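Take a look at the letters that make up each chain.
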Amino acid sequence: MHRKIIRDSQIQDLVLFRHGKAERPYDASDDFSRNLVELGKTQSLQQAIKLRELGFSPDVVLVSSAFRASQTWDMAAQVFPDANPIITRELYLASPEFYLRKAASTGAKSVMIIAHDPGLHALCRTFLKGGSRDHMSDLLRLDLPTAGVAWFQKDENAKSMMRLVANLRP
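Definitions and limits used
Residues numbered from 1 in each chain as written. Predicted model: local features only at pLDDT ≥ 70, side-chain atom pairs only at ≥ 80, totals over all residues. Heavy atoms only, no water. Buried < 20%, exposed > 50% of the residue type's maximum accessible area, 1.4 Å probe, protein only. Helix = DSSP H or I, 4+ residues; strand = E, 2+ residues; numbered from the N terminus. Pairing = 2+ DSSP bridges. Patch = residues over 30% accessible without salt bridge, like charges linked within 9 Å, V, L, I, M, F, W, Y side chains within 5 Å. Areas by Shrake-Rupley, 256 points an atom, 1.4 Å probe, with all protein chains shown as cover. Salt bridge = Lys/Arg side-chain N within 4 Å of Asp/Glu carboxyl O. Lys, Arg positive; Asp, Glu negative; His and termini not counted. Charge placed at Lys NZ, Arg CZ, Asp CG, Glu CD.

## Thoughts on the pairing of strand β1 (residues 13-18)
Stage number 1. The buried count for β1 comes to six of six residues, which makes it a mostly enclosed element.
Stage number 2. Pairing geometry for β1 and strand β4 (residues 110-115), over six bridges, is parallel. From the neighbouring strand, Arg18 faces β4, where its bridge partner is Ala115.
Stage number 3. Relative to strand β5 (residues 149-154), β1 is paired through five bridges, and the arrangement is antiparallel. Paired with Phe17 across the bridge in β5 is Val149.

## Re a positive patch on the surface
Stage number 1. Residues Arg3, Arg7, Arg125, Lys129 and Lys159 make up a contiguous surface patch of positive charge.
Stage number 2. Along the chain, the position of Arg7 falls in helix α1 (residues 2-8).

## Describing unusual backbone geometry
Stage number 1. Following Asp117, the chain continues to Pro118 via a peptide bond in cis, the omega torsion being 10 degrees.
Stage number 2. Relative to the helices and strands, Pro118 resides in the loop between β4 and α5 (119-128).
Stage number 3. Phi at Met161 is positive, roughly 75 degrees, even though this residue is not glycine.
Stage number 4. For Met161, a relative accessible area of 2% gives the class buried.

And the structure:
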């Protein structure tokens with residue numbers, strides 16, 4: 001299913017960005033309202049800077065409206081001021097397929113998704129199936145840490161049609 005979505009989309013670059021370090025669940029009134037801690041803000045900005053330095057620039061950024069994800073975008077927006085953000089509750093704890101369909105529906109070539117686990121990590125693992133085995137991809141198979149970023153590019157020769165370009169860990 002994901003191969004068809006990718007093949008039929010305009011996406012060339014897709015970045016999956018897990019929100020920065022947030023306050024603990026018991027420190028917030030509910031999970032949706034959890035804020036970034038200072039470390040999370042710093043991580044989010046640093047990861048965006050690393051992405052820019054590697055040459056990534058999003059056309060569209062899909063952002064979960066959960067506080068910790070939208071605050072992650074607030075930090076990254078300083079690095080990507082020309083990106084078009086779409087902030088929506090639909091991305092809060094969404095499925096991997098939903099994330100991919102939403103990215104494809106933008107019609108953009110370069111898309112970044114700022115959202116949550118387990119959906120983002122599951123999508124990473126889907127893209128990595130049948131792919132090369134190296135340190136970068138093996139780490140990503142294990143987890144997508146808080147403030148972790150995975151950059152994939154469309155590759156017709158890859159089994160999943162997506163090739164891992166960068167796995168940025170805070």
